[in-house]
Amino acid sequence: MEGRNVDIQWMKAAIEEAKKAEALGEVPIGAVIVKNGEIVGRGYNLRESNRRPTAHAELLAIEQASRQLDAWRLLDCTLYVTLEPCPMCAGAIVQARIPRVVYGTPDPKAGCAGTLMNLLQDDRFNHQTELHTGVLQEECAALLTDFFRKLRAKKTLNKQQTPL
């Protein structure tokens, strides 16, 4: 498999990570880091479960990959993530020297890989990242849309059941 087919394969793995988050009631965002055709880091959103604002899928995958590779520079790696990285995650990607990022769907509220700004390709930093967007976008977006639709419905139901 080459090119786009490989990106689809690994994005499906990131989607599986996102589903793990959803099963815990977390916002369904997942990430995998691949080197030489092998996953070296996995992560999914755990902010609520761990009560940590830094427990984003990308950061957890970066931490795991760094441990597995025994290196802070994640050279020759590709990060696949279902949602466009936020400023914190984009900064970590730059700091980890990840050369390539592939994401599924843009984030209009916090996306820093092209939507609000592009920290990954800002030439003022000492590292820039190759960027590929829109891989399995509809599937990645549907995970988030369905999650938030269910969350709003649950909140509405709880309000209706709460006595005044």
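Residues numbered from 1 in each chain as written. Predicted model: local features only at pLDDT ≥ 70, side-chain atom pairs only at ≥ 80, totals over all residues. Heavy atoms only, no water.

J.: Can you explain the packing of helix α1 (residues 4-23) against helix α5 (residues 137-161)? Please cite residues and give values.
T.: Helix packing for two helices is described by the angle between their axes and how far apart those axes are. Look at α1 against α5: their axes get within 10 Å of each other, and the N-to-C directions meet at 10 degrees. Considering the angle they form, α1 stands roughly parallel to α5. Contacts between α1 and α5 involve Met 11, Ile 15, Ala 18, Lys 19 and Glu 22 from the first element and Glu 139, Cys 140, Leu 143, Phe 147 and Lys 150 from the second. Looking at the contact of α1 with α5 residue by residue, the class counts come to six nonpolar, no polar and four charged. (Axes fitted to C-alpha atoms, helices over the stretch in contact; angles between N-to-C directions. Helix = DSSP H or I, 4+ residues; strand = E, 2+ residues; numbered from the N terminus. Parallel < 35°, antiparallel > 145°, perpendicular 65-115°, else oblique. Contact = heavy atoms within 4.5 Å. Nonpolar A, V, L, I, M, F, W, Y, C, P; charged D, E, K, R; others polar.)

J.: Run through the pattern of salt bridges, naming residues and quoting values.
T.: This structure, assessed with the given rule, holds seven salt bridges. Residue Glu 16 is joined to Lys 19 by a salt bridge in which the shortest nitrogen-to-oxygen separation is 3.5 Å. With Glu 16 and Lys 19 both in helix α1 and three residues apart, this pair spans about one turn of that helix. Looking at Glu 16, the relative accessible area reads 43%, which means it is partly exposed. With a shortest N-O distance of 3.0 Å, Asp 146 and Arg 149 are connected by a salt bridge. With Asp 146 and Arg 149 both in helix α5 and three residues apart, this pair spans about one turn of that helix. (Salt bridge = Lys/Arg side-chain N within 4 Å of Asp/Glu carboxyl O. Buried < 20%, exposed > 50% of the residue type's maximum accessible area, 1.4 Å probe, protein only.)

J.: Which residues make up helix α3 (residues 57-69), and what values go with them?
T.: A rise of 1.5 Å per residue sets the reference length of α3, with its 13 residues, at 18 Å; its end C-alpha atoms lie 18 Å apart and thus fit the reference within 8%. Among the residues of α3, those classed as buried are Ala 57, Glu 58, Leu 59, Leu 60, Ala 61, Ile 62, Ala 65 and Ser 66. On its buried face, α3 is in contact with β1 (30-35), β2 (38-44), β3 (77-83) and α4 (87-95). Of the residues trailing α3, Asp 70 is marked for its positive phi of about 55 degrees. (Expected span 1.5 Å × (residues − 1).)

J.: Explain unusual backbone geometry residue by residue, including any values.
T.: Positioned with a positive phi, Asn 36 is a non-glycine residue whose angle comes to about 50 degrees. Inspection of the secondary structure assignment puts Asn 36 in the loop between β1 and β2. The residue Arg 51 is not glycine, and still its phi comes out positive at about 55 degrees. Here Arg 51 is to be found in the loop between α2 (47-50) and α3.

J.: Requested: an account of α4, with residues and values cited.
T.: For α4, the full list of buried residues reads Cys 89, Ala 90, Ala 92, Ile 93 and Val 94. Check the buried side of α4 and you find it contacts α3, β3 and β4 (100-105). Backbone geometry just after α4 places Arg 97 at a positive phi near 60 degrees.

J.: Before we move on, could you go through the nonpolar core and cite the residues and values that matter?
T.: Ranked by internal contacts, the top residues of the largest apolar core, which has 32 residues, are Ile 33, Ile 62, Leu 74, Ile 98 and Leu 120. Elements represented by at least two residues in this core include exactly β1, α3, β3, α4, β4 and α5. With near-sequence residues (within four places) excluded, Ile 62 lies in contact with Ile 33, Leu 74, Ala 92, Ile 93, Ala 96 and Ile 98. If you look at the next biggest cluster of nonpolar residues, it comprises 14 residues, including Ala 13, Ile 39, Val 135 and Leu 143. (Core = buried A, V, L, I, M, F, W, Y, C linked by side-chain atoms within 4.5 Å.)

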